[in-house]
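Commentary on secondary and tertiary structure
For reference, the chains in residue letters:
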Amino acid sequence: EPEVTQTPSHQVTQMGQEVILRCVPISNHLYFYWYRQILGQKVEFLVSFYNNEISEKSEIFDDQFSVERPDGSNFTLKIRSTKLEDSAMYFCASNAGQGVLKAYEQYFGPGTRLTVT
Amino acid sequence: DQQVKQNSPSLSVQEGRISILNCDYTNSMFDYFLWYKKYPAEGPTFLISISSIKDKNEDGRFTVFLNKSAKHLSLHIVPSQPGDSAVYFCAARGGFYNQGGKLIFGQGTELSVKP
């Protein structure tokens, strides 16, 4: 069964450093998302991406964050200058898009644990 | 942001019995609801969903009920199995679809099914 994959599984970085989290969504899916979960808190939406541009972003997704689909398979989240409060599990998700069965269901990757020291 | 709430942080059920997980929401514009199951150190796994135009959807041992007037949905698992022990998240689809349809999650309910 197709699945969303993410690398690395765990990333440790120092405050102020740049990190890039990588995701390979399910092929032929059209919508891509990043979510995060700070320990003990809810899963929260960061950004959605469609047709090579951001379709929606949350208040959390400030100028320090960016997303990119550099080729036909990868989807990346970059944090330019990490802060301690960026420590969280980051989940990538994708869904098939409108007009197909189960268009609204988002499928999540296993996550990247980001630790900022 | 308390648009989706799961008021029970935990639930313990005997194997073979029914598990009922509850979720309340406040925004009547939500048009689609999903349940996810999550194990520690893994991503949420999609379980079952329901459109706001329906009041019930069933898939094997899992049934989701939606009461729009009460802004309440529930997930029933019958019969419960020890492998069902996990954290269950309720999520609602918010925003217009052409904006990507972000999911808004509840806090989760940890289900423990005892043999």
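Up top is the structure these notes are about.
Calculation notes
- Residues numbered from 1 in each chain as written.
- Chains lettered and ligands numbered in written order.
- Predicted model: local features only at pLDDT ≥ 70, side-chain atom pairs only at ≥ 80, totals over all residues.
- Heavy atoms only, no water.
- Disulfide = S-S within 2.5 Å.
- Helix = DSSP H or I, 4+ residues; strand = E, 2+ residues; numbered from the N terminus.
- Buried < 20%, exposed > 50% of the residue type's maximum accessible area, 1.4 Å probe, protein only.
- Contact = heavy atoms within 4.5 Å.
- Buried area = accessible area lost by both parts, 1.4 Å probe.
- Salt bridge = Lys/Arg side-chain N within 4 Å of Asp/Glu carboxyl O.
- Polar contact = N/O pair within 3.5 Å; in protein donor to acceptor, adjacent residues only side chain to side chain.
- Nonpolar A, V, L, I, M, F, W, Y, C, P; charged D, E, K, R; others polar.
- Pairing = 2+ DSSP bridges.
- Axes fitted to C-alpha atoms, helices over the stretch in contact; angles between N-to-C directions.

**So, the state of the cysteines**
- Inspection of every chain in the model, using the stated rule, returns two disulfides over all chains.
- One disulfide bridge connects cysteine 23 of chain A with cysteine 92 of chain A, the sulfur atoms lying 1.9 Å from each other. Judged by the sign of its S-S torsion, about -60°, the bond between cysteine 23 of chain A and cysteine 92 of chain A is left-handed. Placement of the pair is cysteine 23 of chain A in strand S3 (residues 19-24) and cysteine 92 of chain A in strand S9 (residues 88-95), with a sequence separation of 69 residues.
- The exposure class of cysteine 23 of chain A is buried, given its relative accessible area of 1%.
- We classify cysteine 92 of chain A as buried; its relative accessible area is 0%.
- Through a disulfide, cysteine 23 of chain B is tied to cysteine 90 of chain B; the S-S separation comes to 2.0 Å. Its S-S torsion of approximately -70° makes the covalent link between cysteine 23 of chain B and cysteine 90 of chain B left-handed.

**Topic: the interface of chain B and chain A**
- Counting from both sides, the interface comprises 25 residues of chain B and, opposite them, 22 residues of chain A.
- Taken over both partners, the interface formed by chain B and chain A buries close to 2,000 Å², and the fraction arising from carbon and sulfur atoms is 58%.
- At the boundary of chain B and chain A, one finds one salt bridge.
- For the salt bridge of glutamate 56 of chain A with lysine 102 of chain B, the shortest nitrogen-to-oxygen distance reads 3.3 Å.
- Put simply, chain B and chain A have nine residue pairs in polar contact (both at pLDDT 80 or more) between them.
- Residue assignment for the side of chain B that touches chain A shows that the elements contributing at least two residues are strand S4 (32-38), strand S5 (45-51), strand S9 (86-93) and strand S10 (103-105) of chain B.
- Here the side of chain B that touches chain A takes four residues from S4 of chain B, the largest share from any one element.
- The residue makeup of the side of chain B that touches chain A, split by class, is eleven nonpolar, nine polar and five charged.

**Comments concerning the sheet that holds S3 of chain A**
Residue and element names in this part refer to chain A.
- With antiparallel pairing, the four strands of this open sheet are ordered in space as S1-S3-S8-S7. Two strands lie at the open edges of the sheet, namely strand S1 (5-7) and strand S7 (65-68), each paired on one side alone. The sheet shows a mean angle of 20° between the axes of neighbouring strands, direction not considered.
- Examined bridge by bridge, S3 and strand S8 (residues 75-79) share five bridges and lie antiparallel to one another. Pairing of valine 19 across the sheet is with isoleucine 79, part of S8.

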